[in-house]
Amino acid sequence: MAFPDDVRTDRTAGPDAKPDDEAADTAADAAPEPAAGSAAPTPAERVRTILATAASLTLEADGFRCDLVGLHTAGPGTDPPAEPDWLLRLRPPADSALAARVVCAPTGDLPVRLHLTDIAPVGVRDRVRARVTLIGWLAPERVQPEADRLVLGFDPAEVLVVTAADGTDADDTPDVAVVDLEELAGAHADPLAAQESAMLLHMADSHRDAIDALTRLVDPATLHGVVRVHPLALDRYGLTLRLEHPRTHRDIRLPFPALLVDVAEAGMAIQTLLYAAHHCPRRRPRRGR
């Protein structure tokens, strides 16, 4: 994976240094303005990403509740949406209470509510980035390839995603979005999702200098009183930093100049942000330690 070794600040370049190759020229031309823009995944993309990456989910059905770990897979998004297709498949043991409830459902499908949580891989104060709730029905697949598992398809009726507040205001409340089902069917998981945890953890553990450098892209007034900065999220739209104050926090998104197509582009995208930070005339105030 190219990303980790590409995240570094340029310690030798001075204020008059010139890019020495075509890639650097491109970075200079495309470098974003400090804290510019707020491009971010759509609610449908966020749900698709959480479905694809969450290791577990909680299921509720008429007084019944269970946690399923490693027993779900997300269907691929298609554009235009394919029909028929399941948004999600569950594979509980064939002799489980859940399997029995689905098989015995009077209408042939079981009304359920599913809950998934998106947790930041880096150890920040509040690690919950988003919560997803899906309301719909579970029904057995026509073909059951495993004798000891019952494959269930999930047909959604309503999907909600609650995104944690970014801390920009004292009275911030989470952002609740009802996701359009047709848009959800055509959405795709973020191409960086599978490697996001590893990249953020590597950045936090081994490239503290790069994280500090990136704060030069943030309004200096926003950094007043900040005691610690963490990489919070990474997707094809940009990198999000968590600015921690002694008792509060604020999340700042640094957008990439262009949407990333795959994870191989992440290293250069971070280099572009670092190049912009290095040439940013602003100087951040001293932060507490």
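Above this note sits the structure.
Our subject in this report is the structure included herewith.

Criteria and thresholds
Residues numbered from 1 in each chain as written. Predicted model: local features only at pLDDT ≥ 70, side-chain atom pairs only at ≥ 80, totals over all residues. Heavy atoms only, no water. Helix = DSSP H or I, 4+ residues; strand = E, 2+ residues; numbered from the N terminus. Buried < 20%, exposed > 50% of the residue type's maximum accessible area, 1.4 Å probe, protein only. Contact = heavy atoms within 4.5 Å. Areas by Shrake-Rupley, 256 points an atom, 1.4 Å probe, with all protein chains shown as cover. Salt bridge = Lys/Arg side-chain N within 4 Å of Asp/Glu carboxyl O. Core = buried A, V, L, I, M, F, W, Y, C linked by side-chain atoms within 4.5 Å. Expected span 1.5 Å × (residues − 1). Arc of directions from axis to C-beta.

1. As for the overall build of the protein
And step 1. Regarding its fold elements, the protein presents 8 helices and 11 strands.
And step 2. When each of the 289 residues of the protein is scored for burial, the buried share is 44%.
And step 3. Within the protein, contacts between residues separated by at least 24 positions form 63% of all contacts whose residues are at least 6 apart in sequence.
And step 4. Carbon and sulfur atoms form 51% of the exposed surface of the protein, whose accessible area is close to 14900 Å².

2. Observations concerning the pattern of salt bridges
And step 1. According to the stated counting rule, one finds 8 salt bridges in the structure shown.
And step 2. Here R65 ties to E60 by a salt bridge, and the two come within 2.5 Å at their closest N and O atoms.
And step 3. It is possible to trace a salt-bridge network through shared partners that takes in D118, R129 and E196.

3. Focus: the nonpolar core
And step 1. Core analysis: the largest hydrophobic core is formed by 36 residues, its most contacted members being L59, L98, L134 and L138.
And step 2. Listed by contribution, the elements that provide at least two residues to this core are α3 (43-53), β1 (56-61), β2 (64-69), β4 (88-90), α4 (97-103), β5 (110-119), β6 (128-140) and β7 (152-163).
And step 3. Non-local contacts of L98, meaning those with residues more than four positions away in its chain, are made with L59, F64, C66, L68, P92, L110, L138 and L152.
And step 4. Core analysis: the next-biggest nonpolar cluster, separate from the first, contains 33 residues, L223, A266, L274 and A276 among them.

4. Structural notes on helix α6 (residues 193-206)
And step 1. The first and last C-alpha atoms of α6 sit 20 Å apart over 14 residues, in line with the 20 Å expected at 1.5 Å per residue.
And step 2. Considered for burial, the residues of α6 that qualify are A193, E196, M199, L200, M203 and A204. Projected down its long axis, α6 carries its buried residues within an arc of 125°, all on one side. Facing away from the buried side of α6, by more than 90 degrees, are the exposed residues A194 and D205.

5. Some thoughts on the side chain of T163
And step 1. Mapped onto the fold, T163 is located in strand β7.
And step 2. Given the relative accessible area of 19%, T163 is considered buried.
And step 3. In this view, T163 contacts R46, R129, A130, P174 and D175; residues no more than four positions away in its chain are not counted.

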